[in-house]
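# Descriptive analysis of the structure
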Amino acid sequence: MLQILHNPRCGKSRDCLAFATESQLEFEIINYLENPLSVAELKVLLKKLKIKPIEIVRQKEPIWIEKYKDKSLTNTQIINALSKYPILIQRPIIIDVDNAIIARDKDKLDDLFR
């Protein structure tokens, strides 16, 4: 079953959820702001996404700017920040057994659900 990391306040995330519902696939919604991912879960997610931790960071978020911008951080430090401040994680993210995508782009959704 697919999992969707969802932020109900995010328009892109709501669009993704609507698209998934229209596609009639089974999926689980994970409100990652209420249930933050652990460091271990983030490491698994990044492996499925096939990206570096910095690529999942919302670098315009005030928390990132105030606490981390212009600092030389290791991947571990970035992952720890994402776990501590889940608002920093790009959304929505669709997770399958072996893969995951950041589903901000409608074309990615079309490829996945059609």
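Our subject in this report is the structure included herewith. (Residues numbered from 1 in each chain as written. Predicted model: local features only at pLDDT ≥ 70, side-chain atom pairs only at ≥ 80, totals over all residues. Heavy atoms only, no water.)

### Here's the deal with the nonpolar core
- Membership of the largest hydrophobic core comes to 23 residues, with the highest contact counts inside it found for Leu-5, Leu-45, Ile-56, Leu-82 and Ile-93.
- With residues near it in sequence (within four places) discarded, Leu-5 still touches Ser-13, Ile-30, Tyr-32, Leu-37, Leu-45, Arg-91, Pro-92, Ile-93 and Ile-95.
- By size, the runner-up hydrophobic cluster in this structure holds seven residues, among which are Ile-4, Cys-16, Leu-17 and Ala-20. (Core = buried A, V, L, I, M, F, W, Y, C linked by side-chain atoms within 4.5 Å. Buried < 20%, exposed > 50% of the residue type's maximum accessible area, 1.4 Å probe, protein only. Contact = heavy atoms within 4.5 Å.)

### Notes on the packing of aromatic side chains
- Evaluation of the coordinates by the stated rule reveals two aromatic pairs.
- Ring centres of Tyr-68 and Tyr-85 lie 6.4 Å apart, and the angle between their planes is 65 degrees; on these two criteria the pair is classed as edge-to-face. Taken as a pair, Tyr-68 in the loop between α3 (62-67) and α4 (75-84) and Tyr-85 in the loop between α4 and β3 (93-95) lie far apart in primary sequence, 17 residues in all.
- What makes Tyr-85 buried here is its relative accessible area of 17%. (Phe/Tyr/Trp six-rings, centres within 6.5 Å; stacked < 30°, edge-to-face > 60°. Helix = DSSP H or I, 4+ residues; strand = E, 2+ residues; numbered from the N terminus.)

### Structural notes on the side chain of His-6
- As for its position among the elements, His-6 is in strand β1 (residues 2-6).
- In this structure His-6 comes out as buried when scored by relative accessible area, which is 6%.
- Only 2.6 Å separates the side chain of His-6 from the side chain of Ser-13, close enough to count as a polar contact.
- With sequence-adjacent residues up to four places away left out, His-6 is seen in contact with Ser-13, Arg-14, Leu-17, Ile-29, Ile-30, Asn-31 and Tyr-32. (Polar contact = N/O pair within 3.5 Å; in protein donor to acceptor, adjacent residues only side chain to side chain.)

### Some points on the pairing of strand β2 (residues 27-31)
- One ladder, built from five bridges, connects β1 with β2; its direction is parallel. Its bridge partner lying in β2, Gln-3 is registered against Glu-28. (Pairing = 2+ DSSP bridges.)

### With respect to the sheet that holds β1
- Strand order across the open sheet formed by four strands is β2-β1-β3-β4, with mixed pairing between neighbours. Bordering the open sheet on either side are β2 and β4 (100-102), each of which pairs with just one other strand. Neighbouring strand axes in the sheet, compared pairwise and without regard to direction, differ in orientation by 20 degrees on average.
- Both β3 and β4 contribute to a ladder of three bridges, which runs antiparallel. Bridging across to β4, Ile-95 finds its partner in Ala-100.
- Across the sheet, helix α1 (residues 11-22) touches β1, β2 and β3, and the angle it forms with β1 is around 155 degrees. (Axes fitted to C-alpha atoms, helices over the stretch in contact; angles between N-to-C directions.)

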